[in-house]
Amino acid sequence: QVQLIESGGGLVQAGGSLRLSCAAPGPTFSVYAMAWFRQAPGKEREFVAAIFWSGGTTYYADSVKGRFTISRDYAKNTMYLQMDSLKPEDTALYYCAATRSTGAYWYSTPATYDYWGQGTQVTVSS
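Draft legend 1. Up close: the packing of aromatic side chains. Inspection of the entire model under this criterion finds ten aromatic pairs. Note on F37 and F47: the rings are 5.8 Å apart at their centroids and 70° apart in plane angle, and the pair reads as edge-to-face. Taken together, the positions of F37 in strand β4 (residues 33-39) and F47 in strand β5 (residues 46-52) put the pair ten residues apart, joining distant regions of the chain. Here F37 and F47 have matching classes, each one buried. In textbook terms, an aromatic cluster arises when at least three aromatic residues are bridged by ring pairs, as seen for Y32, F37, F47, F52, Y59, Y107, Y113 and W116. Above the plane of the ring of F29 lies R100, whose end atom (NZ or CZ) is 4.6 Å from the centre.

Listed below in structure tokens is the structure:
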């Protein structure tokens, strides 16, 4: 499976910020939608945010709404997640995902996505 390239994780104090990035394999890799998920130890993978590539429509989990911002650079075929006002409960392994399917209706469901990044660790200390 084609891999997405993630970066930007790290250790920050509560209230701090991080920006994650996720790059598609190349400029000709056609993306319909991309999303961020996160998974903490002992918990299932949960939806964080999604963006539809052409129109830029975004969706957020309630837990991050108002604090996180998902965006895309169309020319670079790259997605970003700006995370502000981080909380300890945001600590998780963050995964980016992409689908090329135009029938991707359920943007918050992991099974919707065919391509995944390797994961980047975000740790928020108190």
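Draft legend 2. Layout of the state of the cysteines. For the coordinates displayed, the defined rule picks out one disulfide. The disulfide partner of C22 is C96, and the gap between their sulfur atoms is 2.1 Å. Here the S-S torsion is close to 70°, and the disulfide linking C22 with C96 is therefore right-handed. With C22 in strand β3 (residues 18-23) and C96 in strand β9 (residues 92-99), the pair connects residues that are 74 residues apart, well separated along the chain.

Draft legend 3. Structural context of the pattern of salt bridges. One pass over the structure, following the stated rule, counts four salt bridges. For D90, the salt bridge goes to R67, with nearest N and O atoms at 2.7 Å. With D90 in the loop between β8 (78-83) and β9 and R67 in the loop between β6 (58-60) and β7 (68-73), this residue pair connects regions lying 23 residues apart in the sequence. The two residues D90 and R67 agree in class, both being buried. Taken together, the shared-partner salt bridges connect R38, E46, R67 and D90 into one network.

Procedures and definitions
- Residues numbered from 1 in each chain as written.
- Predicted model: local features only at pLDDT ≥ 70, side-chain atom pairs only at ≥ 80, totals over all residues.
- Heavy atoms only, no water.
- Phe/Tyr/Trp six-rings, centres within 6.5 Å; stacked < 30°, edge-to-face > 60°.
- Helix = DSSP H or I, 4+ residues; strand = E, 2+ residues; numbered from the N terminus.
- Buried < 20%, exposed > 50% of the residue type's maximum accessible area, 1.4 Å probe, protein only.
- Lys NZ or Arg CZ within 6 Å of the ring centre and 35° of its normal.
- Disulfide = S-S within 2.5 Å.
- Salt bridge = Lys/Arg side-chain N within 4 Å of Asp/Glu carboxyl O.

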